[in-house]
Every structure is written in structure tokens, then in C-alpha cells.
Amino acid sequence: MSNPDVIVVGGGIGGLAAAYSLSRRGLRVRVLEQAADFGEVGAGIQLAPNCTRILDDFGLLEEATSLGVVPDAMVMRDAVDGSELTRLDLRDLGRRYGFPYLVIHRSDLHGMFLRACRRAGVDLVTSQRAVDYANTPAGASVAFADGHVEEAPVVIAADGLHSAARSLIVQDEPVSSAYVAYRGTVPTTEDRAADVDLSEVVVYVGPGCHFVHYGLRGGELLNQVAVFRSPKALAGEEDWGTPDELDAAFAGSCDFVQDGLPHMWRDKWWRMFDRDPIMTWVHGRIALLGDSAHPPLQYIAQGAIMAIEDGWVLGEHVARSRDASGAVDWAAALAAYEAVRPEHCRRVVLTSRAWGELWHLDGVAREQRNALLRARHTDDYSFVDWLYGPTALFPADEPPMFEPIPLASAEVPAPA
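Residues numbered from 1 in each chain as written. Predicted model: local features only at pLDDT ≥ 70, side-chain atom pairs only at ≥ 80, totals over all residues. Heavy atoms only, no water.

What follows deals with the nonpolar core. Among the nonpolar cores identified, the biggest contains 106 residues, and Leu47, Leu109, Phe113, Tyr133, Ile308 and Trp330 are the most heavily contacted of them. Once you skip the residues sitting within four places of it in the chain, Ile308 turns out to touch Ile13, Ala17, Cys51, Ile54, Phe58, Leu109 and Phe113. By size, the runner-up hydrophobic cluster in this structure holds 20 residues, among which are Ala233, Trp240, Leu246 and Leu261. (Core = buried A, V, L, I, M, F, W, Y, C linked by side-chain atoms within 4.5 Å. Buried < 20%, exposed > 50% of the residue type's maximum accessible area, 1.4 Å probe, protein only. Contact = heavy atoms within 4.5 Å.)

Pasting the structure below:
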């Protein structure tokens, strides 16, 4: 492919989803990835109905479902005593929103998009590290570390948390949460998985820490994630989030959580950063997408989903911005994309921060949170209606946010 219509910088889930979305609209797309091979690092990922709805539109939902697990319930428990706080009936949730809640291995989701891009004729190029972006009379260009420059009518910067394109719009830095995540997968034939209900997605929330587990790959694997606040990070030390901190952070948790810690990968961990929301994503013919625009903390499991939504929305507006000859009015398509996506993602980024604070409460605030969660009805979807419904294409389609319930309103039982 000598003259692409679109260059996508970054071959992660968001970049590949955008490339596939645009190629479905008849555009010639080139993806330039900095790594030597296309791949995804990590373990499990949760895909709510606002994402599986898009996978269905892409014609990929059946394949995704075959690669993952459709769980029956999402359960929140207290990490200290192990008691159940609240749950979502995910089968009922799927009926409410019309599409399932799915959990899948990140590499399986990435591989699915990679295969879809290949079938669609996307030009996939590796070992290309972008260092600079610029607008040109004919569109935009990207300069790479090896010295060469690529040009196209439009450039999509899906280059992640440390995006080189974001600095064209704002001079900011990633924001450290001082939390770190450890991950690990266990074959379900091992003893650790013997007492685990693989039909549930479970999160144990505790003081300064939480622990998540659910099944993957049709129930062949148990995925586990341990997240905690690092005292070393709070003290300003560079070497933070180390395994000794992992064990100390969960010392007060229930036996089930502590029994899962030896199964965490101890040779790598993920420090958790986001960025403050920005409402400008487009600079001429250069557009941010995914974590370059809106990296969130992971507490409401919408990071990759937002990136997939970005690509789908952009593809929909490309289809709406063509003239009779088929030419794309890129100014109109990018303006429509920027008119709707930043506000939704702002809500997600800020809600993710607030949800993380709620999960990690201690003392009286923890007791108040637990009381409110226990009082919630299983069929109360008011906290996710704004999130799990159809992805908005226009600002007027964005649903209202939920109304937070003050912790102080909780009726906390008196000590025995």
C-alpha cells in the first residue's frame, strides 16, 4: 500500500479496532507499531455491553464469545472478612442492554482484531517508533525514530499513555495514582481454582487494596489481579510497587485473597497512571484515540472499551461525511468525533478515580460504603445505565450521569 487514506500510529487494541472500523468504510489504512511484533501484554479484560454491541456490529462478537467467558454474575465482597456486599446478575444485565457481558484474555482480543485487520487488507507494519507529528498541506505526517516520514490525509495517534502527539494539544504529564497491579493466571486444573465459581467475576475491596478474579478461555484459566496502594510511591521513592509491598498490603485480608497472592507473577507489575481529561482531541488532521486521549484507571473496566468505541464512532462519522463521489470530508468527520467522545471519556476517567477511592476506604467510611452496597437491590442498574447503553454518536445522545449517594446517608449497624 503506497498511499494510505489513514495512518494509525499504535497497534494495540485501540489502534487495531480503529483501523478495522475505518477499513470497513472502504479506506486504505496503514498501522505503524513500535514493537517488533504485534502483541498485547497482560491477562484478562472485561467487555461490557457497550463494547459487545460494537463487536456485534463489527461482525466479531461470535468469535469473541468463543474465545472468552460469558459470566453469570459480578460479585463485590469485603476483602477483610470476605462477606458479600452486592452483586449484578450479568445474564439479566445482558437482556437489559441487549448484549452480553464478556471476559476475555487481552491477547485473544488483540489477536482477534489483528486477524480482522489482515482480512480487511490493513497494512500492518512493525518496528516503527513515532517521534513527531505535523500537519501538512495535504493532511498530516508522522516522523519516526529511523528518520523516515509517513504522510496521509489523516493520522490517528493511538500511541498510548506516553503519546508523542498529545503534546501538540496540551503540555501535561501522566498522573500517578500510587497504586500498582499484579496479575497472574492459573490453570483451572490446579488446587487454587477448585473452590472458585468460574461463572462469577468477583472483586474483593479493602483498605488501600483490592483483589479480582474470574475465568478465562472457556474456563481453562483463572485470572487474578491484586491492586494496592504503594507506601514507597507515597514517600516519593523511585522503586515502588515491589513484591514485598504486595504481601504487606494484603496482610489484613481474608484467607481466600491471601491464598491467591503466591499465584501472582512476581517478575512484573503495572504501576497505575491516568491523565487529567482534555476536551480537545483533534489538531488539524491529527486525532488522538484511546489512551493517548483518555487513559483511565481501571476501576470500572472501560479503558480498552473506550478505545474501541472511539474507533467505531470515527468510522460511523466517516460514513456520514462522504459526498456523492465517496470522498470523505475529514474536517466534518473529525469535528463530529471530537464533539461527542471527549465528554463521555471525561466522565469515565473521573468516575474511575472516584470508584477507586470508594473501593479502598477504611474505618467508618468503609462501614458506610458496605452498608450502602448491601442495601442496593440486585436489579438496580442506575449506576451503569449511563455507561452500558448504546455508544453515543452525537452529544444529545449521551445519557445523564447517575446521582451519587453520600456515604453519610448510610445506616451503619451499631457494634455488637
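Let us now look at the sheet that holds strand S9 (residues 139-144). Consider a sheet: its strands pair through backbone hydrogen bonds, and that pairing is either parallel or antiparallel. Judged by pairing direction, the sheet is antiparallel, and its three strands sit side by side in the order S8-S9-S10 without closing on themselves. Both edges of this open sheet fall to strand S8 (130-136) and strand S10 (149-152), since each of them pairs with a single strand only. Taken pair by pair, the neighbouring strands of this sheet meet at an average axis angle of 20°, ignoring direction. Sheet topology places S9 next to S10; four bridges connect them, and they run antiparallel. Its bridge partner being in S10, Val142 is matched across the sheet by Glu150. (Pairing = 2+ DSSP bridges. Helix = DSSP H or I, 4+ residues; strand = E, 2+ residues; numbered from the N terminus. Axes fitted to C-alpha atoms, helices over the stretch in contact; angles between N-to-C directions.)

Moving on to the sheet that holds strand S13 (residues 200-206). Strands sit in the order S5-S4-S13-S14-S15-S12-S16 across an open sheet of seven strands; the sheet is mixed. Looking at strand neighbours, the two that pair on one side only are strand S5 (84-89) and strand S16 (270-274), the edges of this open sheet. Between one strand axis and the next, the sheet turns through 20° on average, direction left out of account. Direction of pairing for strand S12 (residues 175-187) relative to strand S15 (residues 221-229): antiparallel, over a ladder of nine bridges. Paired with Tyr179 across the strands is Arg229, a residue of S15.

The subject of this paragraph is the environment of Pro100. By the element assignment, Pro100 lies in the loop between helix H4 (90-97) and strand S6 (102-105). Residues Pro100 and Asn50, spaced 50 residues apart in sequence, show a C-alpha to C-alpha distance of 9.2 Å. Apart from the residues within four sequence positions on either side, Pro100 is in contact with Leu47, Ala48, Pro49, Thr52, Leu61, Val70 and Gly94.

Pairs of aromatic rings are described using the distance from one ring centre to the other and the angle between the two planes. Counting across every chain of the model gives 14 aromatic pairs. Geometrically, the ring pair formed by Tyr97 and Tyr381 is edge-to-face, given 6.2 Å between the ring centres and 85° between the ring planes. On the criterion of sequence distance, the pair formed by Tyr97 in helix H4 and Tyr381 in the loop between helix H11 (363-375) and helix H12 (385-388) is long-range, its members being 284 residues apart. Of the residues examined, Tyr97 reaches a relative accessible area of 10% and is grouped as buried. Tyr381 gets classed as buried once you look at its relative accessible area, which sits at 4%. Of the aromatic side chains, those joined through ring pairs into one cluster are Tyr97, Tyr101, Tyr381 and Tyr388. Against the face of Trp265 rests Lys268, its NZ or CZ located 5.0 Å from the ring centre. (Phe/Tyr/Trp six-rings, centres within 6.5 Å; stacked < 30°, edge-to-face > 60°. Lys NZ or Arg CZ within 6 Å of the ring centre and 35° of its normal.)

All chains considered together, the criterion is met by 27 salt bridges. A salt bridge links Arg77 to Glu84; its shortest N-O distance comes to 4.0 Å. Since its relative accessible area comes to 31%, Glu84 is described here as partly exposed. Between Asp274 and Arg353 there is a salt bridge, with the nearest N and O atoms lying 2.6 Å from each other. Here Arg353 lies in helix H10 (residues 330-359) and Asp274 lies in strand S16, a separation of 79 residues in the sequence. A relative accessible area of 22% places Arg353 in the partly exposed class. One continuous salt-bridge network, built from bridges that share partners, spans Arg77, Glu84, Arg87 and Glu200. (Salt bridge = Lys/Arg side-chain N within 4 Å of Asp/Glu carboxyl O.)

To continue, consider helix H2 (residues 49-58). Structurally, the α-helix is built with 3.6 residues per turn, so residues lying three or four positions apart point the same way. Within H2, eight of the 10 residues are buried, leaving the element largely enclosed by the surrounding structure. Looking one or two places after H2, you find Gly59, whose phi comes out positive at around 80°.

Bringing the packing of H2 against helix H9 (residues 303-320) into the picture now. Axis separation between H2 and H9 bottoms out at 10 Å; the angle between their running directions is 45°. In terms of their interaxial angle, H2 and H9 are classed as oblique. In this structure, H2 meets H9 at a crossing whose hand is left-handed. Of the residues in H9, those touching H2 at Asn50, Cys51, Ile54, Asp57 and Phe58 are Ile305, Ile308, Glu309, Trp312 and Glu316. Across the contact of H2 with H9, the residue classes break down as six nonpolar, one polar and three charged. (Parallel < 35°, antiparallel > 145°, perpendicular 65-115°, else oblique. Left-handed = near helix turned anticlockwise from the far one by under 90°. Nonpolar A, V, L, I, M, F, W, Y, C, P; charged D, E, K, R; others polar.)

On their own, these measurements won't tell you what the molecule is for.
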